[in-house]
Amino acid sequence: MIDQKSFSAPLLSWFADQARDLPWRRNYDPYQVWISEVMLQQTQMDRVLGYFQRWIARFPDVQALASAREDAILASWEGLGYYTRARNLHRAARYVVERLGGELPQEHASWLALPGVGPYTAAAVCAIAFNQPHAVVDANVGRVFARVFDLDTPVKERTARDFIAEHALRLTPPGQARHFSQALMELGALVCLPRRPRCSFCPLHDLCEARRLDIVLERPVPAKAVTYIPIDVATGVLMAGGLIYIQKRPTTGVWAGLWEFPGGTIEGAETPEQTLIREYMEETGFRIDNLRKLAVIRHGYTKYRVALHCFCCHLPDNTPQTPPILTAAQEFRWVSPKELDHFAFPAGHRKLIDQTFAGGGFCTE
DNA sequence: GAAGCGTGGGT
DNA sequence: TACCCAAGCTT
C-alpha cells in the first residue's frame, strides 16, 4: 500500500508550485472559504470567480449576508443554478448571527448542522479554513483515487466512497490538511482531467496503478448515464403601458423564489400560442391577445432539454391590471424594462430579456 | 438509494 | 448535434 510520505510529498510540492492564485487563498478567511465551497458545488472554477468577487463586495461578511434581502441574494446568484444553495446560505447566515453570536463555527459537527452544508462542504471548510484533518472528497478527488488505486466500481458507490475517504484521511500529512486537501482537488481539476489527462505532468505518475496498466481513460468507471427529456415550453412577455408583468415562483421546486414570465409546457397537439393563452388563464386569469412570436430559445435544466417558444402579448382594452387569480406564484409586479435587471430570472428567461430588450426596448407597444 | 435541483463549456 | 462534465445537498 502507498505510504503517506511517498504520496503527499510530490503532491504538496506540485501544489506549492502550480496552485492557482484564488481570492480565498490569500488569507483563508472562513466566511470566504465557505462561500467559495458552496459556489463551486457542481460547477467549475472559471464560472465561479466573477460571482465570488461580486458576492464578497456585496456581502462581505456573515452579518451583511444575514441582513440582506433574499431577492438581492438571488439576484447575485442568477445564472449559477441550484438556487437552493443561495437560499440556504442566507438561512445559515441568519442562524449564525442569531444563535451563534455572529461567529462561524470551527467544529465539523456544527458546520454539518447548517442548512446547505453536507459532508463535502463541512470537511472542506474545516480542512481549508481551519487546517483540520478531514477527508475532502469531491468529484476531482474521486477521479484521482479511482485512477491511482485502479478502483473498478463507480466512485459514488458505497465501497468506493468509503475506500477513498479512508485513504484520503490516511494520506494527509500531520499539519498539512489545508494544502493537501486542496492539492488533491487541484490535481483533478488541472492534471488528472476526465478526457484528456496530462499524465506526463502528474506528480503521482509513478504511483498510479491505472497509468501502469494503461487504462487511465477507463477510470473512473462511469455511473449510470442520465437520460434527457426534450420538452417544448411556451412563455410570453405581457406588456401594458410600457410595463412588463412578472411573477415570483413558489418557495419550493425548480427556480424557487426566482421571477419569471408566465407560461408552461406545450401539451399534446397544442400550438405554442394555444398553450400560452391557456397557461396565462390558469396562472393569472388574464385573457391575453395580440400574440407576436419573438424567438425560440434553447436551454436545459436538470434532466430536461427545453425549446422555449417566446412571445410578446397584451391585454384587451380596459382590462384591470391585477390578475384575478395567482396559482403559480407568490406575488406579481409590473416593472419597466430597465427594472428587470434587479430581479433574478431563470437562464432561459434572462436570455429572452437580453434578446428582447437589447438596445432600449423593442416590444413596448 | 434514487430522484430533484441549473447551467454553460468542452469534445 | 448530442452528448459528457463539474469543489453536492436535500428529501
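Residues numbered from 1 in each chain as written. Chains lettered and ligands numbered in written order. Predicted model: local features only at pLDDT ≥ 70, side-chain atom pairs only at ≥ 80, totals over all residues. Heavy atoms only, no water.

### Quick notes on the packing of helix 1 (residues 4–18) against helix 11 (residues 177–190)
Consideration 1: Remark: helix 1 packs on helix 11, axes separated minimally by 9 Å, with the N-to-C direction vectors making an angle of 75°. Accordingly, the angle class assigned to the pair helix 1 and helix 11 is roughly perpendicular. Where helix 1 approaches helix 11, its residues F7, S8, L11, L12, W14, F15 and Q18 are matched on the opposing element by H179, F180, Q182, A183, L184, E186, L187 and L190.
Consideration 2: Class assignment of the residues belonging to the contact of helix 1 with helix 11 gives a composition of ten nonpolar, four polar and one charged. (Axes fitted to C-alpha atoms, helices over the stretch in contact; angles between N-to-C directions. Helix = DSSP H or I, 4+ residues; strand = E, 2+ residues; numbered from the N terminus. Parallel < 35°, antiparallel > 145°, perpendicular 65-115°, else oblique. Contact = heavy atoms within 4.5 Å. Nonpolar A, V, L, I, M, F, W, Y, C, P; charged D, E, K, R; others polar.)

### Digging into the protein's contact with DNA strand C
Consideration 1: Taken together, 25 residues lie around DNA strand C, and L40, Q42, A139, N140 and R143 are the ones closest in.
Consideration 2: Counting only the atoms of DNA strand C that lie within 4 Å of the protein, the sugar and phosphate share comes to 66%.
Consideration 3: Within the backbone of A139, an N or O atom sits 3.4 Å from a sugar or linking oxygen of DNA strand C.
Consideration 4: One of the side-chain N or O atoms of R195 is found 2.9 Å from a sugar or linking oxygen in DNA strand C.
Consideration 5: Of all the secondary structure elements, the ones that give two or more residues to the surface near DNA strand C are helix 2 (30–40), helix 8 (119–130), helix 9 (139–148) and helix 11.
Consideration 6: Its residues placed into classes, the surface near DNA strand C shows ten nonpolar, eight polar and seven charged. (Near = heavy atom within 4 Å. Polar contact = N/O pair within 3.5 Å; in protein donor to acceptor, adjacent residues only side chain to side chain.)

### Details of the packing of aromatic side chains
Consideration 1: Evaluation of the coordinates by the stated rule reveals 17 aromatic pairs.
Consideration 2: Look at F7 and F180: their rings are 6.1 Å apart centre to centre, the planes differ by 55°, and that puts the pair in the tilted class. Within this pair, whereas F7 is found in helix 1, its partner F180 is found in helix 11, the two being separated by 173 residues in sequence.
Consideration 3: For F180, a relative accessible area of 2% puts it in the buried group. (Phe/Tyr/Trp six-rings, centres within 6.5 Å; stacked < 30°, edge-to-face > 60°. Buried < 20%, exposed > 50% of the residue type's maximum accessible area, 1.4 Å probe, protein only.)

### Looking at the UniProt feature "domain: Nudix hydrolase" (unreviewed entry) in chain A
Consideration 1: Per the UniProt annotation, the sites labelled "domain: Nudix hydrolase" (unreviewed entry) are residues 222–358.
Consideration 2: What you have in residues 222–358 is 18% helix and 38% strand, and the ends, taken at the C-alpha atoms, are 42 Å apart. (UniProt positions renumbered as here; feature names shortened; annotations may be inferred.)

### Things to note about the packing of helix 3 (residues 45–58) against helix 5 (residues 70–77)
Consideration 1: Packing of helix 3 against helix 5 leaves a shortest axis separation of 10 Å and a crossing angle of 155°. By the angle between their directions, the pair helix 3 and helix 5 is classed as roughly antiparallel. The segment helix 3 lies against helix 5, with Y51, W55 and R58 engaging A72, I73, S76 and W77.
Consideration 2: Its residues assigned to classes, the contact of helix 3 with helix 5 shows five nonpolar, one polar and one charged.

### Some remarks on the protein's contact with DNA strand B
Consideration 1: Neighbouring DNA strand B are 20 residues, the closest being Y82, Y83, V254, W255 and A347.
Consideration 2: Within 4 Å of the protein, the atoms of DNA strand B are drawn from sugar and phosphate moieties in a proportion of 59%.
Consideration 3: Within the contact set of DNA strand B, a sugar or linking oxygen lies 3.2 Å away from a backbone nitrogen or oxygen of Y82.
Consideration 4: Listed by contribution, the elements that provide at least two residues to the surface near DNA strand B are strand 5 (289–301) and helix 14 (347–357).
Consideration 5: For the surface near DNA strand B, a count of residues per class yields eight nonpolar, seven polar and five charged.

### A short note on helix 14
Consideration 1: All of the buried residues in helix 14 are G348, H349, R350, L352, I353, T356 and F357.
Consideration 2: Packed against the buried residues of helix 14 are strand 1 (229–240), strand 2 (243–248), strand 3 (259–260), strand 5 and strand 6 (304–314).

### Structural notes on the nonpolar core
Nonpolar side chains in soluble globular proteins tend to be buried together.
Consideration 1: One finds F7, Y31, W34 and W55 to be the most contacted residues of the largest nonpolar core, which totals 78 residues.
Consideration 2: With eight residues, helix 8 is the single largest residue contributor to this core.
Consideration 3: Composition of this core by domain shows at least three residues from each of domain 1 (4–218) and domain 2 (229–357).
Consideration 4: Residues I231, V237, I244 and C312 belong to the second largest nonpolar core, which totals 21 residues. (Core = buried A, V, L, I, M, F, W, Y, C linked by side-chain atoms within 4.5 Å. Domains from an automatic or database assignment.)

### A word on the domain arrangement of chain A
Consideration 1: Structurally, chain A comprises domain 1 (4–218) and domain 2 (229–357).
Consideration 2: On a C-alpha basis, the centres of domain 1 and domain 2 stand 37 Å from each other.
Consideration 3: Taking both partners together, domain 1 and domain 2 bury about 830 Å²; carbon and sulfur atoms supply 48% of that area.
Consideration 4: Taken as a group, D71, E78 and Y83 account for 58% of the area that domain 1 buries against domain 2, more than any other trio of residues on that side.
Consideration 5: One salt bridge connects D71 with K248, and the closest N-O pair in it is separated by 3.2 Å. (Buried area = accessible area lost by both parts, 1.4 Å probe. Salt bridge = Lys/Arg side-chain N within 4 Å of Asp/Glu carboxyl O.)

### A few points about the pattern of salt bridges
Consideration 1: For the structure shown, the criterion picks out 14 salt bridges.
Consideration 2: R278 serves as the salt-bridge partner of E270, at 2.5 Å between the closest nitrogen and oxygen.
Consideration 3: Put simply, E279 and R278 hold a salt bridge, and the shortest N to O gap is 3.2 Å.
Consideration 4: Connected via shared salt-bridge partners are E270, R278, E279 and E282.

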